[in-house]
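Descriptive analysis of the structure
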Amino acid sequence: MNTLPPAPEPGRAGAIGVARARLEGPGKVTGAVRYAADDPVKDLAFGYLVTAPITRGRIRDIDAATVRSMPGVLAVIDHTNATRLNPEAGSYFGPDGNLQLLQSAEIPYAGWPVAVVVAGTWEQARHAATMLRIDYEEFTHDTAFRPDHPAARPALDLFGPEAALGDLATEFEAASIVVDERYRTPEEYCSAMEPHSATAWWDGSDLHAVDTDQGPWIIAGALSALFELDPARVHIRAEHVGGGFGSKGLCGPQLILAVMAATVTSRPVRITLTRNDVFLITTMRPPTDQRVRIGADADGRFRALHHEAAFAVSPLVEYIEGCTELTKTLYAARAIHTGLTVIPVDTVPPYSMRAPGAAPGSFALESAVDEVAERLGIDPVELRLRNEPAVGPVSGLPFSSRESSACLREGARRFGWDMRDHRPRRRPDGALLIGTGVATTSFSVGAFPSSASITAESDGTFTVAIGAADIGTGARTALTAVAADALGVDIGRIRALRIADSDLGAAWSAGGSRGTTSWTWAITQAATRLRARLPAAALPATVTVDTATLLGDLAARERHAYSAVFAEVAVDTASGEARVRRLLGMFAIGQVINPLLARSQVIGGMIGGLSMALHEEGVRDRVTGRLVNADFAGYHIAAHADVPDIEADFVPDYEPGIPLGVKGAGEIGNVGTAAAIANAVWHATGVRQRTLPLRLDRLLETPAG
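So, here is what we can say about the structure in this document.

Conventions and cut-offs
Residues numbered from 1 in each chain as written. Predicted model: local features only at pLDDT ≥ 70, side-chain atom pairs only at ≥ 80, totals over all residues. Heavy atoms only, no water. Helix = DSSP H or I, 4+ residues; strand = E, 2+ residues; numbered from the N terminus. Rg over C-alpha atoms; globule rule 2.2 N^0.38 Å. Buried < 20%, exposed > 50% of the residue type's maximum accessible area, 1.4 Å probe, protein only. Pairing = 2+ DSSP bridges. Axes fitted to C-alpha atoms, helices over the stretch in contact; angles between N-to-C directions. Parallel < 35°, antiparallel > 145°, perpendicular 65-115°, else oblique. Left-handed = near helix turned anticlockwise from the far one by under 90°. Contact = heavy atoms within 4.5 Å. Polar contact = N/O pair within 3.5 Å; in protein donor to acceptor, adjacent residues only side chain to side chain. Salt bridge = Lys/Arg side-chain N within 4 Å of Asp/Glu carboxyl O. Core = buried A, V, L, I, M, F, W, Y, C linked by side-chain atoms within 4.5 Å. Arc of directions from axis to C-beta.

A tally of regular secondary structure across the chain gives 16 helices and 29 strands. Taken against the 2.2 N^0.38 rule, which gives 27 Å for 705 residues, the C-alpha radius of gyration of the chain at 26 Å falls within 12% of a compact globule. Along the first, second and third principal axes, the C-alpha atoms of the chain reach 75 × 75 × 50 Å. Across the 705 residues in the chain, those meeting the buried criterion constitute 60%.

Structure representation (structure tokens):
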């Protein structure tokens, strides 16, 4: 008879909560792990992109004849001979014109792909691409983002209506003080270390691809719609991905163009974007301009919160940068109103970048909250604690769990916050000014439908299959522990964990802080059903579960992860340089599956927030409209020299109704860090910075006299 140990309580099988190194770690450090551009493929050809140097216009003529005769060239693909695509194919926000590559002579933004040269070697393709002569007609373009743009309009409300709670005018009139300020953030780019790459080939009527993406099953669905293929005939793998941060969440240009090239040449074709291409034609975080008004009583209790945010979109596709979500959930007030405005500009379409909406929204909201504390002379931690809501401030729903106060209190204790002189510019250190700051944040959590299969093998081991994606977060390692816990077996009995293949069934992507939660739900349900079958089943025995029908039973609650981030900075006002000396983050992310990986993930998020605060800024030429710093030499991200002493830890938390009580950890590390650093810079200098990044010219002080 086939038997298993009694079902364990969540987290009690010895697998959950244990710090284990990544299963694929040795392979990564020895080079054995292959990324999308590394997979060996027989008879492989290479594609190289030609991109538009103008910001808006059309192609008058392409002289491809000379290039087609160059050594090694197999094809030149442009709008005159490219595969026709389904114009209705899209993403979460509807039809997506950014997928319609090489479909017309029109050029919607600088960097738009206008041709692909395919050759026997990458060097041949690159050389031939540089020789392709294209005549352009330039049109007037508009890349200047500004909130008073004449084409400004309300954003879509796909995520629910904006808040309209209470009477703003009455509450502002009754308030003792009102903070009314604008906060601005620039274009920001995802900057994953691995460039986007895809290899596509046909096997009869079946399309295969090795891609760098955040969710093979979702990407396969988008690709099948775009090329109007039977979804069962599209097979996508993304075994190892070197970071994504949102930029690999959509069907990328490398994959679309590789499929076109493979179709035209009848050979496997690999397209790997250059770093410049990655900046020009993959997604970014849009610039924002946000107005925050807070009315408060003399004791710091909020009466009114008003948050209006404008952000850029492309005419090619809709998008929502939900900057106001935190304002609806973080603090109690009698009146809470929010609004989102979109400004269409001729740039690459924006999309979700790590902590979409929440990261720029937190900078605005938490800076404004700090300004209230400054005006009232109240400790910033105490002010936040005084405005903790008992239920969802706008929704009225109960919180599933809410450990925001615990993050604040424990973070303040560890950081030594009680020793802080709350007056600014009181800690000189030679030529430097030292300051500390805090921000508290949340990020919505939950689960999306996913399927999983578990096979009990005849040798007593188990094989788990789920279409999850590991983009460097350690998903393989975490899900192996989840499976062992759910089955009630030693982790060594999980013989194999198969992931990152669209053939494994429907699965949510690694995005939105919902990947691990969604996959955990599917695996635990499959394990439960397998356990029920095993006493009588012949081995091997397989159970497959799809959670699509189960998620609807989840009670309506406000579900969020929480954090409090504390920062210490040193500012040299003579040079304008700001350095972060210390970061501390306390996080409430539900049950922690693997504290080693979870801590690494939130620390990575905090480093991303530091990068947002001090470095990251896409700059466009005012005349040409082109991105002028489309590489890592010009677009600065945090390096080792920028990363200070960082501490991250977790407060006890558990998410009821979700298997193992887990919440997402992906975004919450990013969300509050930039605001905490900006607040610390105010404390150091006494000057409030309301525009990111905190550049040298913004912090430079003119010497007295």
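This brings us to the sheet that holds strand S2 (residues 57–63). Sheet architecture is open: three strands sit in the order S6-S2-S8, paired in antiparallel fashion. Lying at the two open borders of the sheet, with one neighbouring strand each, are strand S6 (106–107) and strand S8 (133–138). Where S2 lies against S6, two bridges are found, and the strand directions are antiparallel. The residue of S6 that forms the bridge with Gly57 is Ile107.

Turning our attention to the packing of helix H11 (residues 475–487) against helix H12 (residues 515–533). With their axes 9 Å apart at the nearest point, H11 and H12 run at an angle of 30 degrees to one another. Classified by the angle between their axes, H11 and H12 sit roughly parallel to one another. Relative to H12, H11 is oriented so that their crossing is right-handed. Counted together, Ala475, Leu479, Val482, Ala483, Ala486 and Leu487 of H11 and Trp519, Thr520, Ile523, Thr524, Ala527, Leu530 and Arg531 of H12 form the full contact between these two elements.

Here four strands make up an open sheet; going across it, the order is S25-S24-S23-S26 and the pairing mixed. Unpaired on one side and paired on the other, strand S25 (494–498) and strand S26 (541–546) mark the two borders of the sheet. Across this sheet, the average inter-strand angle for adjacent strands is 15 degrees, counted without regard to direction. Of the pairings in the sheet, the one linking strand S23 (residues 451–456) to strand S24 (residues 462–466) comprises five bridges and is antiparallel in character.

Relative to the elements of secondary structure, Asp490 occurs in the loop between H11 and S25. At 2.8 Å, the side chain of Asp490 and the backbone nitrogen of Gly492 are in polar contact.

Turning next to the pattern of salt bridges. In the structure shown here, the tally under the stated rule is 49 salt bridges. A salt bridge links Lys328 to Glu162; the nearest nitrogen and oxygen atoms lie 3.3 Å apart. Of this pair, Lys328 sits in the loop between strand S19 (302–313) and strand S20 (335–344) while Glu162 sits in the loop between strand S9 (153–154) and strand S10 (164–165), placing them 166 residues apart in sequence. Taking the relative accessible area as the measure of exposure, Lys328 reaches 9% and is therefore buried. A residue is classified by how much of its surface remains accessible, and Glu162, at 25% relative accessible area, is partly exposed. Taking the shortest distance from any N to any O, the salt bridge between Glu410 and Arg414 comes out at 2.7 Å.

Residues Val114, Leu132, Leu223, Leu255 and Ile256 are the most contacted members of the largest nonpolar core, which totals 71 residues. A per-element tally of this core places helix H6 (residues 253–265) first, with eight residues. Ignoring anything within four residues of it in the chain, the contact list for Leu223 reads Leu207, Val234, Ile236, Cys251, Leu255 and Val259. Residues Leu305, Ile378, Met606 and Ala680 belong to the second largest nonpolar core, which totals 66 residues.

As a further point, take helix H3 (residues 122–131). Every α-helix winds through 3.6 residues per turn, so residues three or four apart in the chain are directed the same way. All of the buried residues along H3 are Ala125, Ala128 and Ala129. Viewed end-on, H3 has its buried residues packed into an arc of 105 degrees, placing them on one side of the element. Turning to H3, the residues buried within the fold contact strand S1 (45–51), helix H2 (65–68), strand S3 (73–77) and strand S7 (113–119).

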